[in-house]
Amino acid sequence: MNEIEFDKALSDFLDDNECEKVSQVIFDLVRGAFTAGWKAAIGSDLNGIMDIDRK
């Protein structure tokens, strides 16, 4: 497989609906983990140190 064929195959893979669904699931997992960490930090001593819940 040459570079042009590889690039086309990768592009086709990334444009596929299944790849899009998997990417969305991964994003949702990372966002959920980040949100949980953020909420945990707000309730910890970091809240006072970093002033996390500023409005």
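Residues numbered from 1 in each chain as written. Predicted model: local features only at pLDDT ≥ 70, side-chain atom pairs only at ≥ 80, totals over all residues. Heavy atoms only, no water.

1. Let's talk about the overall build of the protein
Secondary structure summary: the protein contains 3 helices and 0 strands in total. Counting helices and strands in the order they occur from the N terminus, the protein gives α-α-α. Taking all 55 residues of the protein together, 7% fall into the buried category. In the structure as shown, the protein presents an accessible area of about 5100 Å², 62% of it carried by carbon and sulfur atoms. (Helix = DSSP H or I, 4+ residues; strand = E, 2+ residues; numbered from the N terminus. Buried < 20%, exposed > 50% of the residue type's maximum accessible area, 1.4 Å probe, protein only. Areas by Shrake-Rupley, 256 points an atom, 1.4 Å probe, with all protein chains shown as cover.)

2. Re helix α1 (residues 3-15)
When the terminal C-alpha atoms of α1 are compared, their 18 Å separation across 13 residues agrees well with the 18 Å that a helix rising 1.5 Å per residue should span. For α1, the side-chain oxygen to backbone nitrogen distance between the N-cap and Ile-4 is 3.0 Å, and the N-cap itself is Asn-2. (Expected span 1.5 Å × (residues − 1). Polar contact = N/O pair within 3.5 Å; in protein donor to acceptor, adjacent residues only side chain to side chain.)

3. What about the pattern of salt bridges?
Applying the stated criterion across every chain yields a total of 2 salt bridges. Lys-8 is paired through a salt bridge with Asp-12; the nearest N and O atoms lie 2.9 Å apart. Here Asp-12 and Lys-8 lie together in helix α1, a separation of 4 residues that amounts to about one turn. A relative accessible area of 52% means that Lys-8 is categorised as exposed. For Asp-12, a relative accessible area of 41% puts it in the partly exposed group. (Salt bridge = Lys/Arg side-chain N within 4 Å of Asp/Glu carboxyl O.)

4. What about a nonpolar patch on the surface?
Taken together, Met-1, Phe-6, Leu-10, Phe-13 and Leu-14 make up a surface patch of nonpolar side chains, about 560 Å² in accessible area. Inspection of the secondary structure puts Phe-13 in helix α1. (Patch = residues over 30% accessible without salt bridge, like charges linked within 9 Å, V, L, I, M, F, W, Y side chains within 5 Å.)

5. What to know about the confidence of the model for the protein
With 78% of its residues at a pLDDT of 70 or more, the protein shows a mean pLDDT of 83. The weakest mean pLDDT in the protein belongs to helix α3 (residues 46-50) at 59; the strongest belongs to α1 at 92. (pLDDT = per-residue confidence, 0-100.)

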